[in-house]
Structures are given as C-alpha cells and as structure tokens.
Amino acid sequence: MTIGRIAAAAILLAAVLAAVLIYYSQIHGFYEPVQLSDGSDTVRIQLVSADTGRPEPIPAGDFRGIDADSSPLRFRGCFTTPSPLTALAETFVIKDDAEPLIAPGWFDCFDAKAIGKALEEGEAIAFLGQRNIRDGVDRVVAVFPDGRAYIWHQLNEKYRN
C-alpha cells in the first residue's frame, strides 16, 4: 500500500467515525428521561386556565418523557388523563397553532405526524400548558377523547416567523 492510500483510508475512517458520533449525539446522546411528579424538579402536567390565565395541574398517569439541556425544544412526553376532553375544553386555553415537533425514532410513544393530523382533523384538542416555559417557548398539551395525551415545547410568537 502506498502512503496516499493509507492517508485516504485514515481520512475516510475519521469521517465515518465523526458521522457516527454526530448522529448518536443528536439522536440519543443529549436526551435523558424525565419523570412525572409534583416536585418542581420534574415535569408537572398543567394547563392554563381560561379564567385566571394561570397554569393549573390536571391528573396524569403513565407518563413517559424525554428532555435535553441542549435545547428547550427537545422536550416530549406521553401520558394519560382521566379528565374528560369536553371539561378540559370548557376550562382551559385552547392553542390553535399547536405544531408537534418530531421526536427521535426510538421514543415511540410520540408520533408527531399522527398527533398533528389528529389536531388538524379535530380528533384531538391542543391546550396551552404554560406560556414562556423558557424565553419564547411554550409548553403545549394535546388531549384525545380516550384520555391519551401528549406534551411538547414549541416556539411562541416571539420567535416564530
């Protein structure tokens, strides 16, 4: 083998390793599981009251969630709620511009395309969970009539173009 072939092989190997590391860090590396709790250090499921404009907790169970410190938009979660959808719609702020963001493929309980389609077709309702959970980012909760619910963060009007 010539020096040129060895150098080319080394460059190719380095490029492949870099690609694998970048892929892993984006899809798996930064995410950590989050827990459902009443404590401030974990996720609390809340919706903004139409009367007071303040977040109020709703009952939730079977929570699965992920988040990453690298971006406030990486938060996703799936849970169930026994609260009737009609009662929620009468009590809490509905978010008409809800757009679920794609989750990593391995987080299989959150299907952004299916949730988005259900919201468009009126099969689910999206609620404002909390305004400005971080600067320019709102927490959104989508609820289905059967009690399935999904939660994510999305940019609000401050940063949306």
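Note: the structure precedes this text.
All of the points below concern the structure found in this document. (Residues numbered from 1 in each chain as written. Predicted model: local features only at pLDDT ≥ 70, side-chain atom pairs only at ≥ 80, totals over all residues. Heavy atoms only, no water.)

### Concerning the state of the cysteines
Counted by the stated rule, this structure contains 1 disulfide. Linked covalently through their sulfurs, Cys-78 and Cys-109 form a disulfide whose S-S length is 2.1 Å. Across the disulfide from Cys-78 to Cys-109, rotation about the S-S bond amounts to roughly 85 degrees, and the bridge is consequently right-handed. Of the two residues, Cys-78 is situated in strand S5 (residues 76-80) and Cys-109 in the loop between helix H2 (85-91) and helix H3 (112-120); the sequence distance between them amounts to 31 residues. Cys-109 carries the same exposure label as Cys-78, and that label is buried. (Disulfide = S-S within 2.5 Å. Helix = DSSP H or I, 4+ residues; strand = E, 2+ residues; numbered from the N terminus. Buried < 20%, exposed > 50% of the residue type's maximum accessible area, 1.4 Å probe, protein only.)

### As for unusual backbone geometry
At Asp-62, a position not held by glycine, the phi torsion is positive, near 55 degrees. Mapped onto the secondary structure, Asp-62 falls in strand S4 (residues 61-67). Asp-62 sits in the exposed class, given a relative accessible area of 65%.

### Quick word on the sheet that holds S5
Taken in spatial order, the 6 strands of this open sheet run S1-S4-S5-S8-S7-S6, and their pairing is antiparallel. Strands with a single pairing partner mark the edges of an open sheet, and in this sheet they are strand S1 (32-34) and strand S6 (125-134). Adjacent strand axes in the sheet meet at a mean angle of 20 degrees when their direction is disregarded. Looking at chain direction, S6 and strand S7 (residues 137-143) are connected through 6 bridges and run antiparallel. When the bridges of S7 are listed, Ile-125 appears paired with Val-143. The sheet contacts of H3 involve S6, S7 and strand S8 (148-155), and relative to S8 the element is tilted by about 95 degrees. (Pairing = 2+ DSSP bridges. Axes fitted to C-alpha atoms, helices over the stretch in contact; angles between N-to-C directions. Contact = heavy atoms within 4.5 Å.)

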